[in-house]
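# Coordinates in review
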Amino acid sequence: MDTEPLDITTLGDLLDDKAVGRREQRLLVLPKEEATYGDLVERANHFARSLLGVGVRAGDNVGILLPPMVDYVAAMFGAAKIGAVPVLMNARFKALELAHVITNGELTTILTSSSIADKVDFPSLLLEALPGLETSPPGGQVEVASAPRLRRLVLIDDGPRPGFMSRDEFDAAAASIHASDVETRQNRVQVDDVALIM
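Reference entry: report on the structure contained in this document. (Residues numbered from 1 in each chain as written. Predicted model: local features only at pLDDT ≥ 70, side-chain atom pairs only at ≥ 80, totals over all residues. Heavy atoms only, no water.)

## Details of helix α4 (residues 95-104)
- Buried within α4 we find Ala95, Leu98, Ala99 and Ile102. The arc that holds every buried residue of α4, seen down its axis, measures 100°, which confines them to one face. For α4, the exposed residues lying more than 90 degrees away from the buried face are Leu96, His100 and Asn104.
- Against β3 (61-65), β5 (107-112) and α5 (122-129) lie the buried residues of α4.
- Positioned one or two residues after α4, Glu106 has a phi angle of 50°, which is positive. (Buried < 20%, exposed > 50% of the residue type's maximum accessible area, 1.4 Å probe, protein only. Helix = DSSP H or I, 4+ residues; strand = E, 2+ residues; numbered from the N terminus. Arc of directions from axis to C-beta. Contact = heavy atoms within 4.5 Å.)

Below you can see the structure in the form of structure tokens.
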């Protein structure tokens, strides 16, 4: 019996490998948007560059608290490409549960949205979960006693708010990072590295 060899790869490489020869093929179809393989590769690479630009490094845990959207998937792959660990946060969590995940998950960065998803206001929920966050300046580094590893929260679809970096600031951080920097870091990720936390 002939069997195909098992293809073992990293999460970041998986997207790139599957996009070969099908960049124009639809990959994600959501109620309000869709993306081809090529779209998702480009968006994931942009997230990877932005994450590097704001100081995320290999091994950092990056929380993703977003409604169902293409950027949710792009952020996950973008973090994985640079060796950071995407931590997929349950959008139904209350403040106490989020605080537990942020602290015990040792998150350094959280990507979130101001879009109301299922009647949940993520920024307000995070402000409740992280006392002291409201006194942090917009766009800057945060210091929250209850989450000592947390350094930044990014609103991927909104302007500056206290304690949060805006999407414009996040996107601007990508400008200082060359695509080859992402590729170099992606090549350092090993198949036995942590790929994802749910």
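On we go from here.
## With respect to the environment of Val54
- Inspection of the secondary structure puts Val54 in the loop between α2 (37-53) and β3.
- The spacing of Val54 and Asp181 is 127 residues in sequence and 14 Å in space, taken between C-alpha atoms.
- The contact partners of Val54, leaving out residues within four places of it in the chain, are Gln141, Arg152, Met165, Phe170 and Ala173.

## Section: the sheet that holds β3
- Reading across from one edge, β4-β3-β5-β6 is the order of the four strands in this open sheet, with parallel pairing throughout. The sheet terminates laterally at β4 (85-88) and β6 (152-155), the two strands that pair on one side only. Taking the axes of each pair of neighbouring strands and ignoring which way they run, one obtains an average angle of 25° across the sheet.
- Pairing between β5 and β6: four bridges, direction parallel. (Pairing = 2+ DSSP bridges. Axes fitted to C-alpha atoms, helices over the stretch in contact; angles between N-to-C directions.)

Geometric values such as these leave the question of function open.
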